[in-house]
Amino acid sequence: MGCGFLPEEPPLRRLPNAYYAPWEDLMEDCNDLLLAGKLRERVHKLPLLECTMLETVQEYRRAFLILCLVSHSYVWGRHEKVSETLPANVAIPWTIVADYLGLCPVVCHAAVVLWNYRLLDKEGPVDLSNLAVLATYSGSLDEAWFYLITTAIESSGAPCISAIVDSITAINNRDHLSLEGHLRTIQSALVDVNTNMSRMYEKCDPYVFYWKIRPYLAGWENMAEAGLPFGLIYEGIDSYWNAETEEYTDMSHLPEAERLLHQYRRYAGGSAAQSSLIATLDVAFGVEHHPTGEKPPVKFDPVARLNNDRYTHLPSTNPSDELTPASHLSSPSSPSFVRTNRNKFLRAMRKYMPKSHRNFLEDLEKSANLRPFMLQLQEQQQSRALTAQETTLMELYNDCLHQLKLFRDKHVQIVTLYIINQARKGSNIPHGGFAIENPKPEKELRAGDSQLTTSLYPQTALKTAPGIREGSASAKVSQLFPQLGLAKHVDPKTGVVRGTGGTNIMPFLKQSRDETNDMKLPIVSAQTSPPVLPETATQDDGAKPSKSFTEWMLRR
């Protein structure tokens, strides 16, 4: 676990088997083909390659990165109409590779951050002084820096993973000295994480990020305004062989329209919420996340726990599932332990993490004991004075939470500058910075015109109004299955700005930050009383009392 969630060896720079040369050649020319407007033409000529020649997980990761780059470039294009279909010669292998890695076939944090870097000095450290990117959509230094900052964050946060695991053992063994060392390791690593986060501004311009980079990181969930009301059609996935399940997903017996509907997939795009590192820290420190806009319940309700568990009532990635009555869909059983994460968006983001990372988080949720231990100390200080070491442990626990809260502070600041401000200002140049023939009069064509800028990059729109092109596959499905409906319309005047993951971004981020801060525990000093209260994130709402160890045990 020395590398955290980064691979133990740097990602492959090229697939070794010459059989996959067509993929690699296309990857190499991708930026130039986009610029020339010939990417889709080149993709149509691409042979349908088998995935059986991929031999190692490193090769599968490289293949996934290639197919992410090619597929999103194909769908979104460069000032082209959005494609609502992904050709079978890309869709089939992408789906197979994604299944192997336990991912959804869509760009994600793992693809562009964990598996998309190389070391300038092979013997050097994994930090910003020694990192280069393998691939970008735009070919810009700004995009490379955006990915590398996040890779550096994963690297600097790597010591947290082993320290968290070792802290579980230390608590079980009542080894307070070792636990103190592990908490100091986590606190120090989080300081480095925040230092790297602060360097985003150095070489990634907000305007370039929002208008030239971010569009390609969008997925096809809640993208009605971009012409993808039901998601994206993955051609050929209704008839490919899954070697793991030994199932042939043949749907030839279905009517044409229903068969077409089964090819649609709705996936969120890349999001920082897909970072397994941050999810691990939340689980380890017991940070409780609730549905956006909701506060934690005052009284624990076991029925609510069952109805709102992490893997219950998640949105389906296939719109055809909406034709099946909810009573006919299988519902997962409630786990034997309490999950701290009840935010629907964060729950859904687990699907976009590699399977091995999800499994680790599941195991950690079952064995995490740091917060219960701290709550026990908090309860004990009501009846006795804590020892100096016990007080130090509680202070370190709060310090770690404070660093995690500062990380989320910085995230809010970056999102405000790079997304919120850019979305509200609109493009500085009405036509997106590209020359146009016979420009319209200035009064009709002006910077910041929402209709104009979103016609160039519809996936950046503030609204989700239906956008079905006449004669398209979506139009056909919409006529045959009116019960599916479309994405809800959001008035752009509301100021709602969605992240590439599809969520209303600012309320979500601010609540996540405040929930992190609320986990800090008051400490009673041996010399003074009343207790020393940690910093409160939302003074006007009132501080939420920390749950006691007794209540935590009852919730188990």
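Residues numbered from 1 in each chain as written. Predicted model: local features only at pLDDT ≥ 70, side-chain atom pairs only at ≥ 80, totals over all residues. Heavy atoms only, no water.

1. Things to note about the confidence of the model for the protein chain
Applied cut-off: Along the chain, pLDDT gives the predictor's confidence residue by residue, from 0 to 100. When checking whether two residues touch, look at their non-hydrogen atoms; a contact exists if any pair is within 4.5 Å.
Counting all residues, the mean pLDDT for the protein chain is 80, and 69% of those residues have values of 70 or more. Per-residue pLDDT stays below 50 along residues 536-545; that stretch engages in 9 contacts with residues further than four places along the chain or on separate chains.

2. A few points about the side chain of S271
Definition in use: Where helices and strands are cited, they refer to DSSP runs of H or I of at least four residues and of E of at least two residues respectively, numbered from the N terminus. Buried, partly exposed and exposed residues are distinguished by accessible area as a fraction of the type maximum, computed with a 1.4 Å probe on protein chains only: under 20%, between the cut-offs, and over 50%, respectively. We define a polar contact as two N or O atoms separated by no more than 3.5 Å, with the added condition that, inside protein, one atom must be a possible hydrogen donor and the other a possible acceptor, whereas residues neighbouring each other in sequence contribute only through side-chain atom pairs.
Topologically, S271 is positioned in the loop between β7 (264-265) and α12 (276-285). For S271, a relative accessible area of 15% puts it in the buried group. Engagement of the side chain of S271 in a polar contact is seen with the backbone nitrogen of A273, the distance being 3.1 Å.

3. So, the sheet that holds strand β1 (residues 85-86)
Quick reminder of the rule: Only strands that DSSP links by at least two bridges are regarded as paired with each other.
Here 3 strands make up an open sheet; going across it, the order is β1-β4-β7 and the pairing mixed. Of all the strands in the sheet, the pair left with one neighbour each is β1 and β7. Where β1 meets strand β4 (residues 232-234), 2 bridges bridge the pair, whose relative direction is parallel. Each residue of the ladder has a partner; that of L86, found in β4, is Y234.

4. Focus: the nonpolar core
Our working definition: By convention a nonpolar core is built from buried Ala, Val, Leu, Ile, Met, Phe, Trp, Tyr and Cys residues, the set being connected through side-chain atoms within 4.5 Å.
Membership of the largest hydrophobic core comes to 140 residues, with the highest contact counts inside it found for F64, W76, W220, L281, F285 and M374. At 15 residues, the largest contribution of residues to this core is made by helix α17 (residues 388-425). If we ignore the near neighbours within four places in the chain, the residues touching M374 are L183, L393, M394, Y397 and L521. With 5 residues, the next largest nonpolar core counts I233, L260, L261 and Y264 among its residues.

5. Considering the side chain of E180
The topology assignment puts E180 in helix α8 (residues 176-197). Setting aside chain neighbours within four positions, we find E180 in contact with Q389, T392, L393 and L396.

6. A few points about helix α3 (residues 57-76)
Where we set the bar: Expected span of a helix: the number of residues minus one, times 1.5 Å.
The end-to-end C-alpha separation of α3 is 28 Å, in line with the 28 Å expected for 20 residues at 1.5 Å each. The element α3 is largely enclosed, with a buried count of 17 among its 20 residues.

7. Quick notes on the packing of aromatic side chains
Test applied: Aromatic pairs are defined between Phe, Tyr and Trp rings, using the six-membered ring for Trp, whenever the two ring centres lie within 6.5 Å; interplanar angles under 30 degrees are classed as stacked, those over 60 as edge-to-face, and all others as tilted. Here, over-ring charges are defined by two tests on the NZ atom of lysine or the CZ atom of arginine: distance to the ring centre within 6 Å, and angle to the ring normal within 35 degrees.
Enumeration according to the criterion identifies 18 aromatic pairs in this entry. Considering the side-chain rings of Y20 and W23, the 5.0 Å spacing of their centres and the 35° angle between planes classify their relative orientation as tilted. Summarising the burial analysis for this pair, Y20 and W23 share the class buried. Taking the centre distance of 5.1 Å and the plane angle of 80° together, the rings of F345 and F508 count as edge-to-face. Of the two residues, F345 is situated in helix α14 (residues 344-349) and F508 in helix α20 (residues 505-517); the sequence distance between them amounts to 163 residues. This pair shows no difference in class: F345 is buried, exactly as F508 is. One aromatic cluster in this structure is built from F64, W94, W115, Y234 and Y267. Over the face of the ring belonging to Y74 we find R40, whose NZ or CZ atom lies 5.6 Å from the ring centre.

8. Structural notes on the packing of helix α6 (residues 141-156) against helix α10 (residues 206-217)
Rules: As a rule, the C-alpha atoms of each element are fitted with a line to give its axis, helices using only the stretch in contact, and angles between N-to-C directions run from 0 to 180 degrees. Roughly parallel covers angles under 35 degrees, roughly antiparallel covers those over 145, roughly perpendicular covers 65 to 115, and oblique covers all other angles. Crossings are classed by handedness, with left-handed meaning an anticlockwise turn of the near helix from the far one by less than a right angle and right-handed meaning a clockwise turn. Each residue gets one label: Ala, Val, Leu, Ile, Met, Phe, Trp, Tyr, Cys and Pro are nonpolar, Asp, Glu, Lys and Arg are charged, and the others, such as Gly, are polar.
In contact at an axis separation of 10 Å, α6 and α10 are set at 65° when each is read in the N-to-C sense. Relative to α10, the element α6 lies roughly perpendicular. In the crossing of α6 with α10, the sense of the turn from one axis to the other is right-handed. Between α6, through D142, E143, F146 and Y147, and α10, the contact on the second element is made entirely by V208, F209, I213 and L217. Residues of the contact of α6 with α10, tallied by class, amount to 6 nonpolar, no polar and 2 charged.

9. A look at the environment of N369
One can find N369 in the loop between α15 (355-367) and α16 (370-380). C-alpha separation for the pair N369 and I164, spaced 205 residues apart in sequence, amounts to 9.9 Å. Apart from residues no more than four positions distant in its own chain, N369 is found in contact with S167, I168, I171 and N172.

10. Examining helix α1 (residues 21-36)
Between its first and last C-alpha atoms α1 spans 22 Å; for 16 residues at 1.5 Å apiece the expected length is 22 Å, and the two agree. Within α1 the residues assigned to the buried category are W23, E24, L26, M27, C30, L33 and L34. In this fold, the buried residues of α1 make contact with α2 (39-44), α3, α4 (88-101) and α10. Where α1 ends, the next residue or the one after it, G37, has phi of about 75°, a positive value.

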